[in-house]
Each structure stands twice: as C-alpha cells, then as structure tokens.
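# Secondary and tertiary structure notes
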Amino acid sequence: MKIKTRRYYIYYYLRILIFLASLIPRRVILCIAGFLSDISFESLKKSRKTAIKNLNMAFGENGQRNDDIARGVFKNLIKNGAEWIKYSIMPKGAIKALVTEIEGMEYFDKVLSEGKGVIMLASHFGNWELIPIYFKLLGNKGAVIARKIYFHKYDKLANKLRNRFHYDIIYRDESPKKILRVLRDGGVLGILADQDIPSLDGVFVDFFGKPAYTPTAPVKLAIASGAGMLPCFMVRKKDDTYKLIIDKPIEMEISENREEDVIKYTALWTKVLENYIRKYPEQWAWIHRRWKTQP
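Because the structure is a prediction, the values reported are computed rather than measured.

Our focus in this paragraph is the side chain of lysine 79. Tracing the backbone shows lysine 79 in helix 4 (residues 64-87). In this structure lysine 79 comes out as buried when scored by relative accessible area, which is 12%. Ignoring anything within four residues of it in the chain, the contact list for lysine 79 reads Leu30, Ala33, Arg236 and Asp240.

Take a positive patch on the surface next. Together, Lys46, Lys53, Arg289 and Lys292 line one region of the surface with positive charge. Position of lysine 46 among the secondary structure elements: in helix 3 (residues 45-59).

We now examine the pattern of salt bridges. Any two side chains of opposite charge can pair, on the condition that their charged atoms come close. With the rule as written, the count across this model stands at 17 salt bridges. The salt bridge involving glutamate 114 is made with lysine 110; its shortest N-O contact spans 3.2 Å. Owing to a relative accessible area of 52%, lysine 110 belongs among the exposed residues under this scheme. One salt-bridge network, in which partners are shared between bridges, spans Arg26, Arg27, Lys79, Glu83, Arg236 and Asp240.

With that settled, the discussion passes to the pairing of strand 6 (residues 202-207). In strand 6, alternate side chains face the same way, and those of Val203, Val205 and Phe207 are buried while those of Gly202, Phe204 and Asp206 on the opposite face are not. Relative to strand 7 (residues 210-215), strand 6 is paired through six bridges, and the arrangement is antiparallel. Each residue of the ladder has a partner; that of aspartate 206, found in strand 7, is proline 211. Connecting strand 6 to the antiparallel partner strand 7 that follows it, the hairpin turn spans two residues, and phenylalanine 208 within it adopts a positive phi of roughly 55°.

Our next topic: the packing of aromatic side chains. The tally for this structure, following the rule as stated, stands at 14 aromatic pairs. Summarising the aromatic geometry, the rings of phenylalanine 125 and tyrosine 280 are spaced 6.1 Å apart at their centres and angled 80° between planes, so their arrangement reads as edge-to-face. Here phenylalanine 125 is found in the loop between strand 2 (118-122) and helix 7 (130-137), whereas its partner tyrosine 280 is found in the segment after helix 11 (258-279), with 155 residues between them in sequence. Note on phenylalanine 125: relative accessible area 1%, which makes it buried. Look at tyrosine 280 and you get buried, because its relative accessible area is 16%. Taken together, Phe59, Phe207, Phe208, Trp284, Trp286 and Trp291 form an aromatic cluster joined through their ring pairs. One Lys or Arg, arginine 65, reaches over the ring of phenylalanine 59 and ends 5.1 Å from the middle of that ring.

This part is about the environment of methionine 90. Tracing the backbone through its elements, the reader meets methionine 90 in the loop between helix 4 and helix 5 (92-96). Considering only alpha carbons, one finds methionine 90 and alanine 21, 69 residues apart in sequence, at a separation of 9.7 Å. Sequence-distant contacts of methionine 90, that is, excluding residues within four places in its chain, are made with Arg26, Ile95, Leu98 and Arg164.

The rules behind each value
- The written sequence of each chain sets the order in which its residues are numbered from 1.
- With pLDDT at 70 or above as the cut-off, local features in this predicted model cover only qualifying residues; side-chain atom pairs require 80 or more to be listed or tallied, and sums for whole chains, interfaces and linings still use all residues.
- Hydrogens and water molecules were not included; the side-chain quantities draw on all heavy atoms of the structure.
- Where helices and strands are cited, they refer to DSSP runs of H or I of at least four residues and of E of at least two residues respectively, numbered from the N terminus.
- Think of it in three bands: with a 1.4 Å probe and only protein chains considered, a residue is buried below 20% of the maximum accessible area for its type, exposed above 50%, and partly exposed in between.
- By definition, residues are in contact when any of their heavy atoms lie within 4.5 Å.
- Here a patch means residues that are over 30% exposed by relative accessible area and free of salt bridges, tied together within 9 Å if like-charged and within 5 Å if nonpolar (Val, Leu, Ile, Met, Phe, Trp, Tyr).
- Note that accessible areas follow from Shrake-Rupley with a 1.4 Å probe, and for residues the cover is restricted to the protein chains shown.
- We define a salt bridge as a side-chain nitrogen of Lys or Arg found within 4 Å of a carboxyl oxygen belonging to Asp or Glu.
- Residues counted as positive are Lys and Arg, residues counted as negative are Asp and Glu, and His and the chain ends are not counted.
- For the purpose of locating charges, the reference atoms are NZ of Lys, CZ of Arg, CG of Asp and CD of Glu.
- Pairing between two strands requires that DSSP report at least two bridges joining them.
- Centres within 6.5 Å make a pair out of two Phe, Tyr or Trp rings, where for Trp the six-membered ring is used; the pair is then stacked when the planes are under 30 degrees apart, edge-to-face when over 60, and tilted otherwise.
- Geometrically, a lysine NZ or arginine CZ counts as sitting over a ring once it is within 6 Å of the ring centre and also within 35 degrees of the ring normal.

Next comes the structure, spelled out in structure tokens:
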C-alpha cells in the first residue's frame, strides 16, 4: 500500500514539474538540472556506487577520473529528464533545431531506400528519447519498442508525450508480427538493446573485455525481415545542443548457422557501442548493472 501511495505522490509531483516547465525557459531548466545532478550524485548512494563500480570494471580503478565521469553521467541523465518534460510543450520547430549537427545521414537514406525497413540501434546514450522524436519530425514513419510501465498513470504520462509526435509504441510483450509489420512497410523501428535484462532472449558477448548478457532482438529481427541495422547516437554537446551520429550499417552475411550469426552480429554492434562510450563515457547510463548476469 505504501508503494502504491508513493507512486501517486511521484505522479502528481511530475505533473507539477511539467506545469512549471511550461513557464521556465529551457536554458534555465537545464541550469537547475545541473544543480540538482550534484545533489543527486551525493544523495543517491546506491546508483552512485553502481556507476563507479561499473566504471572501475570498464576502465580500471582510476579514482578521480571515474568519479568525474560518474558525476557527468548523473548530469546528463537529469538533464534528459528535464528536457523530456520540456518537450511536451516546446514548439516542434524548436525541438528540431536542437540538433545542430548530423553525421551519417547518407547511411540512413541508403538503407531506407531499399524498402525493407530500418532498425535504429539506439542505446541509453546521450539523449536517446530525442532520436525517435527527431526522425518523426523529419517525416519518417515508424515505431519504437518500449517496456510497459505497469503503473498506469506513469505509462499514460509517458505515452502522452510520445503521442504528441505521432510515433507508435510497441510493447515488448506484444506480437512479433506487429513489429515485423513496421519493417515490412518500410518503416523505422527504434530499439534499445544495451542492458542486461534476463527476461529477454540474449547471448553473452564481449563488452569492455568482460562477458555481458545482451539482447538479441535487433539481430533476429534483421535476419527475419531483411531490414538494415543502423547504430544511432544523439550526442549532447557542451552547449546542450545535439549531434546526431548514424554509424555505418551492420553488414550481415547470413550463414546456415543462425545461432552463430546472432552471436556474431550482436557482438559486432556491441563493439560499435563500446567505441562510442569510450569516446563519450559520461553520456552512457553507467548506473545500470550491466554485468549483473554471469555465464
């Protein structure tokens, strides 16, 4: 009962924040978010310890450097949350203008022109929620795969924002046919597949030199549909605008051994993600227990 009551408190707290966000300029909100991130870093001890433990596993125990990266992680995540609230009322043109630099759009255009759909391999990196919004503002059709939030008011609130930009939500437990239909219609399918989720089909692949349980859905969908897979990153810049980076397609040659193919290409795209994390370490969500499941 206490948990249910707390959920309602948080829900109405979010509604108040959304109302206040409508009155405050984005720049001011981001300044407030930066201040709150320092408070969160000190007060959310469990998340802070998880982030630093993960950074130590990935980069070695590097004291102050890893501590600074962890602080940057909190800052990016808090800013993401503040912006997510702001997107509910910002003019669409102003949101689109936040992306001031694009790299690799030719890869997207090429894969899209093939007519078999595009699997956008996103991750909890930078501002991942902005990726489907931006592509929808460019006029592309498609959907994102999401986890259902089981407290109905949270789920309704999240979908209210998504519905503003008219991109479909397909929950993980829905029929695979619904997902494949998006690709067969030549649409764009956004999917996050960079976390350790034991309830999902996955394989162990190398991630920062350690075996990490990684979802196989993107590769399996690509094999089943013939769609191209494009790693995509929305990188936050120092001035809080964004650089959209679309990496080259994951080129797949399907063999007779599908199991080996799934492992091979899951490992390949995970290596692409690792390379970007090494370049922008403070922009990935290190607070997730990425090596929780062990072989």
